[in-house]
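Next come the chains, spelled out residue by residue.
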Amino acid sequence: MNDKRSAIIDSLLPPEMALMAEDVGAKKATMGLMPLFVLSILAGAFIAFGALFATTVAAGAEGVLPYGVIRLLSGFVFSLGLVLVVIGGAELFTGNNLIVMAWANGRVTTFQILRNWLIVYLGNFVGALGVAVMVFLSGQHLFGGGAVSAVALSIADHKSGLGLVEAILLGVLCNVLVCLAVWMSYSGRSTMDKVIAVVPPVTAFVAVGFEHSIANMYFIPLGLMIKYRPSTDLWTSIDRTAANYSFLTIENFFINNLLPVTLGNIIGGAVLVGVVYWFVYLRKAS
């Protein structure tokens, strides 16, 4: 009788995940312009779908469900966005911060990584904004007697009123979790493996209120459109006025939110996840 036992581990272990992350980063950084831009638009739209799902689920829940439960449900359904990106195949700026692992090992030049981030960021903006425009023009935000609009306006106003340090740190913490979700998805061999890896970190970052720059490219523009182009009876139906959302302006969108949150996302994803795992698993000893 043979007493030898062999342990079969289905998922990849961290050292193998690091090698995969490096290979994936190298491929992403050298992708052609048009495929990269189109896949970036898709990723922005996918994240917007998750944000739309979360907004709709939270509509009318205030005062009915505890705050924490509302946040948990919103985060859980928002994870649809990153699941679509990872499984469907798309280029997301926040996840692509992990390309820094290939850059640190010399497989990607500084120009290539910055080119990727810029193209993907712009494409994500086009995709997220496009979904926001379609949602607004379709009137979906008026569903539930205006309850969806009330949630969308509240979210957008809050995000537009963040302070500089607050926005940066919330962005840092957010992309630590997002990049950990992407990192863990590299361990999976099946679709279900990857979904299970992605959902908990994404649910967590939404539930606790961290800031994701690409999601905000949907949340805040939609809020701006609702505020400045409301339907005839919107304010009556939600018992609010435009004055209740004083932080929600185009200037605050960029200055108070998008710019500092993007900086925070880069620090959280590229430095606190990408560089750390590169240092542990890929750094060549001198």
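Look above for the structure.
The rules behind the values
Residues numbered from 1 in each chain as written. Predicted model: local features only at pLDDT ≥ 70, side-chain atom pairs only at ≥ 80, totals over all residues. Heavy atoms only, no water. Axes fitted to C-alpha atoms, helices over the stretch in contact; angles between N-to-C directions. Helix = DSSP H or I, 4+ residues; strand = E, 2+ residues; numbered from the N terminus. Parallel < 35°, antiparallel > 145°, perpendicular 65-115°, else oblique. Left-handed = near helix turned anticlockwise from the far one by under 90°. Contact = heavy atoms within 4.5 Å. Nonpolar A, V, L, I, M, F, W, Y, C, P; charged D, E, K, R; others polar. Expected span 1.5 Å × (residues − 1). Phe/Tyr/Trp six-rings, centres within 6.5 Å; stacked < 30°, edge-to-face > 60°. Buried < 20%, exposed > 50% of the residue type's maximum accessible area, 1.4 Å probe, protein only.

### Let's talk about the packing of helix α4 (residues 80-88) against helix α9 (residues 191-208)
At step 1: α9 packs onto α4 with a crossing angle of 150 degrees between their chain directions and a minimal axis gap of 9 Å. With respect to each other, α4 and α9 are oriented roughly antiparallel. Every pair of crossing elements has a handedness; the one defined by α4 and α9 is right-handed. Taking contact as the criterion, the partners of Leu82, Val83, Val86 and Ile87 in α4 are, on α9, Thr191, Lys194, Val195, Val198, Val199 and Val202.
At step 2: Here the contact of α4 with α9 is composed, by residue class, of eight nonpolar, one polar and one charged.

### Digging into helix α2 (residues 33-58)
At step 1: Its 26 residues give α2 an end-to-end C-alpha distance of 38 Å, which sits within 8% of 38 Å, the value for a rise of 1.5 Å per residue.
At step 2: Following α2 by one or two positions, Gly60 has its phi on the positive side, about 75 degrees.

### Observations concerning the packing of aromatic side chains
At step 1: Within this structure, the stated rule accounts for nine aromatic pairs.
At step 2: For the ring pair Phe93 and Trp117, a centre distance of 6.3 Å and an interplane angle of 80 degrees mean the geometry is edge-to-face. Placement of the pair is Phe93 in the loop between α4 and α5 (100-104) and Trp117 in helix α6 (residues 110-138), with a sequence separation of 24 residues. One exposure class covers both Phe93 and Trp117, and it is buried.
At step 3: Their ring planes at 10 degrees and their centres at 6.1 Å tell us that Tyr277 and Tyr281 sit as a pair that is stacked. Note that Tyr277 and Tyr281 are positioned in helix α12 (residues 250-282) at a spacing of four residues, about one turn of the helix.
At step 4: The class of Tyr277 is partly exposed, set by a relative accessible area of 23%.
At step 5: For Tyr281, a relative accessible area of 33% gives the class partly exposed.
At step 6: An aromatic cluster of at least three residues, connected via ring pairs, comprises Phe93, Trp117 and Tyr121.

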